[in-house]
Every structure is written in C-alpha cells, then in structure tokens.
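Survey of secondary and tertiary structure
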Amino acid sequence: MKVVVGLSGGVDSSVAAYLLKKAGHEVTGLFMINWHETTGTLSGSCPWEEDLLIAQLVAHRLDIPVHSIDLSEPYRERVVDYMFREYRQGRTPNPDVLCNREIKFDLFMKVAENLGGEMVATGHYCRKEMFEKDGMPVYRLLAGVDSAKDQSYFLCQLSQQQLSRSLFPLGDLFKSDVRRIAGEQRLPTAQKKDSQGICFVGKVNLPLFLQQKLEPKQGSIVEIPADSDLYLRQTARDIRRIINNGTFEMLSTPYSYEPQMGRAVGEHNGAHFFTIGQRKGLNVGGMKEPLFVIATDVKTNIVYVGQGQDHPGLYRRGLFIKKKDIHWVRPDVAVADPRPLSCCVRIRYRQPLQQANIFFVPEGAHCIFERKQRGITSGQYAAWYTGDELVGSGVID
RNA sequence: UGUCCCGUGGUGUAACUGGCAACACGUCGGAUUUUGGUUCCGAAGAGUCCAGGUUCGAGCCCUGGCGGGACAA
C-alpha cells in the first residue's frame, strides 16, 4: 500500500516510517512547515530548517523519498488566529487539537493524496480498529498501549472520514520500544530529545507570543476566601437531587465572581493572559500558601485567585459543552436521548481517565464527574471514552 | 497633644531569657509534558529604619530621631 508518513524530524515519526517500510508498504515521507516566524519563540528553539534536515537524513537512512510542504499560511489562519481569538475572549484554547483536525488530518492529508498516498501515517501513540456495522466500516480510535504516552486525546476531534485513511504504527509500542528500535536502526533521531510545546511551532514563550497580538491592560487581582459562601458544600444526596431534577447547570456552570466578594491583592497586565489553575506569573507574594487563578473576567479585566492547592474555587463537579461543540468520533454510538452516558472523561492530556455521566439535553451536554475536577477551563477539550476507546469530545463552555 | 505598639530579603511573617538571620509566597534557572496549566528540583536575594550607647558579642537591651499604626480627646 502507498503510505505517506508525516516526518517531523523526531524519533516517533522516524520509527513510524521505519515500521511501515518494514511491513512492506511503499512509504513516502512528508515534512510540513507550519511556522516561520521566530518572534516570541525561545532563542534557538525548533528552527524548522534543522528539523527538515533531520527528516531528510532519516528518509535517506530508510531509503524512502521525502517531500516538504509549507502549510504555514493555513496554519496561521486555522490554528494561530483561533488561538488569539480564544485568548482574547478569556478562554484557553488547545492549538494542538486544532492542528490535528485542521492541518495534519485535513490539508496534510490532501497533499498526501496528491502524492499518491492511499493512507497517511503519523507517530501518534494511539491505535485504530475497524469493524463492520450494517455493511459499513466503522473506525475506532483507541488509546495507545503505553498509557503514559497515550496521545488519543490530541486526536479527539477527528472524524470517521479522517480516521479511515490514517495509520498509527506506534499504537502498540511503548516509548522505550520506540527509542530502542530507533537505536537499532541507527536512525539519526534515536537520541533526539522529545519536542514539546505547541506542535510544529516549537517551544514558545507563551506570554511573549500572546503579547504580539493582545494588548496589555492593567487590572486588579482579587483574592476570594476559601470559606466564601459561594462554595456551598454539596453532599452526595444533593448531587443526586440535582441530577434527578435535571438542573445540571448547578454543577456544570463556572463560578461567577464579583470584585466585592474578595479583596484586591495585586495587579496584572491583562486578564486574558491567565488561565484557571495557573500559579506562576501572578507576582503576588506574602501569602501563606501559593495563589492559583480560579477565574478570569476579561470584561472587567479582573483575575480572581484563591489561596492554596485545595481552594474550592479550583474544583468543580461538572462542565457543559454546547450542542454545536459536541463531536462524535463514533457518530453511530451518539447518544441523543436524555439517558446519561456513563463513561470516562479527561479534560487534559495525560490526565488519568475520570468516571463521569454525561447528560445530553437539547442545548448541549452536561458532564458530571464522580469526583470533583481541578482546573476545568473553558476553551479546553473534554474527551470521553468507553473503555480505551475515545468516542467523542467537545469544547468546554 | 498624652499613652501604647510596631519598623527584618520584592511581599507576609520567624528568630527561646543577646551569640554572626529562618520559613512561606514571589522571582530566576533546570527537570517532567507534543496545548494552556500543574508538579518536581535548584539558585539568587536582607546583615535586620537611622544615629549613638551598654556588652567579648545586639534584630533582640538603653537613649534620641524618622516612619507607620492603635488607644486617648
């Protein structure tokens, strides 16, 4: 089969390419350029020229052809602009999820198709399975075997269409296997440090990066006491009653704060630069315990903080996803009726799966966790699984 | 105006009856991490408001200033 593999210049994609070649496929490497600018990036980090060179070395070593494609323009339009738009609204976007949906598994896929590729492969740690239902193929997106590296979360917005043409050669491997294979095959990336930070843009200094487009605006930091009566303690019975009444909003709506609920403890230079759960960068000292951001209000430009790891403002029982933001990787199992979906959910990469019930209502979905969750942040993705299969996801409201 | 209290790294506090200043937060650096964030490790940073005095030795005692606060009227 003709397979185009996305080579990034890292170990994972190199080994993915090797495995495909070894399995007898006709493999072509494709390197994608997503970003040119260096403003805001940390000095000397992730210059794509170097990565391209490494990708070429890998291709040479594997004796496969390699091409490169500049997708920086659409990347800017579909990922970077979205990022700024979200931050401006006081939300915290997840660019990598978008990058996969919009770039790697869309534009990149089309380019691969033009190169004659029947399938596209990436170095993601996840698995895919196919079975037939009513004579039609159905694809399942499964967690990678290496639970510490499982990257299915980042693919939570993929469609059946996209999945049908994807291959994940690393899904059954552990990271250590990948390193070992790379070493055995003398791939130039065998020792290369894993990349991190926003995909393909490299390691950026986010505050600096954001300041290119978002104006600084001085505002105050308000501390909300942990014993504020805003935080009513809910017993298991209260929760059950709320669920029975169908008043899920009581659990899935963010806390809303007013300045007079607390006291000003400092100043910041723009509420849109902060995200819930953040500790560093507040520049307020003298507290017994560290301060964490518990909410931001870009309208009034106020950052609300709470003291200590266990501040109640940091935890919430549930989250809401608007109807338009609900995505089913498996539309065939989509739940429409009000019967709750009992499943496991994660709200960030590498988070252990959390038991939850999702209640689908006409306006959207209320996800109610068995245990309170820390740092539920609007703009981030919640992905729900049954077993080790990712079946759906959505943007947290 | 009278009495009382306080004045320690960027911030908030600590240092028993005097023995070369501790902790937390913040800041900076590193590790972890294909989002943000979290977490972990490490470092820098004050010679204790100022001027005198007592003492072998003072952040801690004494005197006088300066600064802030409280009570008093």
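The structure reproduced in this document is the subject of the present report.

Further remarks concern the overall build of chain A. From N to C terminus, chain A includes nine helices and 18 strands. Taking 397 residues into account, the globule formula puts the C-alpha radius of gyration at 21 Å, and chain A, at 23 Å, falls close to it. The 397 residues of chain A split such that 53% are buried. Across chain A, contacts joining residues at least 24 apart in sequence account for 70% of those joining residues at least 6 apart. When the accessible surface of chain A is summed, it comes to about 18,700 Å², and 50% of that surface belongs to carbon and sulfur atoms. Between the averaged position of the 49 positive side-chain charges in chain A and that of its 45 negative side-chain charges there is a distance of 4 Å.

Of all six residues that make up strand β14 (residues 341-346), five are buried, and the element is covered over most of its length. Bridge count for β14 against strand β15 (residues 354-361) is five bridges, and the pairing is antiparallel. Within β15, the position partnered with Cys-343 by the bridge is Ala-356. Taken together, the three bridges between β14 and strand β17 (residues 381-386) define a ladder with antiparallel strand orientation. Bridging across to β17, Arg-346 finds its partner in Ala-383.

Moving on to helix α3 (residues 72-88). Where α3 bends most, the angle comes to about 30°, and this point is Val-80. Among the residues of α3, those classed as buried are Ser-72, Pro-74, Tyr-75, Val-79, Val-80, Tyr-82, Met-83, Phe-84, Glu-86 and Tyr-87. Its buried side turned inward, α3 meets β2 (26-33), β3 (66-70), α4 (95-114), α7 (206-210) and β17. Downstream of α3 by a residue or two, Gly-90 has a phi angle that is positive, lying close to 80°.

Next up on the list: the sheet that holds strand β9 (residues 263-268). The strand order across the open sheet formed by four strands is β9-β8-β11-β10, and the pairing between neighbours is mixed. Every other strand in the sheet has two partners, leaving β9 and β10 (291-297) as the edge strands with one partner each. Across the sheet, the mean angle separating the axes of adjacent strands is 30° when strand polarity is ignored. Both β10 and strand β11 (residues 302-307) contribute to a ladder of six bridges, which runs antiparallel. Note on β11: the bridge partner recorded for Leu-291 is Gln-307.

In this section: the protein's contact with RNA strand B. Lining the immediate environment of RNA strand B, one finds 39 residues, of which His-124, Lys-149, Gln-196, Gly-286 and Lys-288 sit closest. In RNA strand B, atoms within 4 Å of the protein come from the sugar-phosphate backbone in 66% of cases. At 2.9 Å from a phosphate oxygen of RNA strand B is found a main-chain nitrogen or oxygen belonging to Gly-281. A breakdown of the residues in the surface near RNA strand B according to their chemical character gives 13 nonpolar, 17 polar and nine charged.

Attention now goes to the packing of aromatic side chains. Summed over the entire model, instances satisfying the criterion amount to 13 aromatic pairs. Aromatic pair Phe-154 and Tyr-349: ring centres 4.6 Å apart, planes at 40°, arrangement tilted. Within this pair, whereas Phe-154 is found in the loop between β6 (136-143) and α5 (160-164), its partner Tyr-349 is found in the loop between β14 and β15, the two being separated by 195 residues in sequence. Look at Phe-154 and you get buried, because its relative accessible area is 15%.

We now examine helix α1 (residues 11-22). Over its twelve residues, α1 extends 16 Å from the first C-alpha to the last, a length consistent with the 16 Å expected when each residue adds 1.5 Å. Close packing links the buried residues of α1 with β1 (2-7), β2, α2 (48-62), β4 (119-121), β7 (166-167) and α6 (175-184). Phi turns positive one or two residues past the end of α1, at Gly-24, with a value near 95°.

With five of its six residues buried, β17 lies for the most part within the structure. As defined by bridge partners, β17 adjoins strand β18 (residues 389-395) across six bridges and the pair is classed as antiparallel. If you follow Tyr-381 over to β18, its bridge partner there is Val-395. Connecting β17 to the next strand, β18, in antiparallel fashion are two residues, including Gly-387 with a positive phi near 65°.

What counts, and at which threshold
- Residues numbered from 1 in each chain as written.
- Chains lettered and ligands numbered in written order.
- Predicted model: local features only at pLDDT ≥ 70, side-chain atom pairs only at ≥ 80, totals over all residues.
- Heavy atoms only, no water.
- Helix = DSSP H or I, 4+ residues; strand = E, 2+ residues; numbered from the N terminus.
- Rg over C-alpha atoms; globule rule 2.2 N^0.38 Å.
- Buried < 20%, exposed > 50% of the residue type's maximum accessible area, 1.4 Å probe, protein only.
- Contact = heavy atoms within 4.5 Å.
- Areas by Shrake-Rupley, 256 points an atom, 1.4 Å probe, with all protein chains shown as cover.
- Lys, Arg positive; Asp, Glu negative; His and termini not counted.
- Charge placed at Lys NZ, Arg CZ, Asp CG, Glu CD.
- Pairing = 2+ DSSP bridges.
- Bend = angle between axes of the 7 residues up to and from the residue.
- Axes fitted to C-alpha atoms, helices over the stretch in contact; angles between N-to-C directions.
- Near = heavy atom within 4 Å.
- Polar contact = N/O pair within 3.5 Å; in protein donor to acceptor, adjacent residues only side chain to side chain.
- Nonpolar A, V, L, I, M, F, W, Y, C, P; charged D, E, K, R; others polar.
- Phe/Tyr/Trp six-rings, centres within 6.5 Å; stacked < 30°, edge-to-face > 60°.
- Expected span 1.5 Å × (residues − 1).

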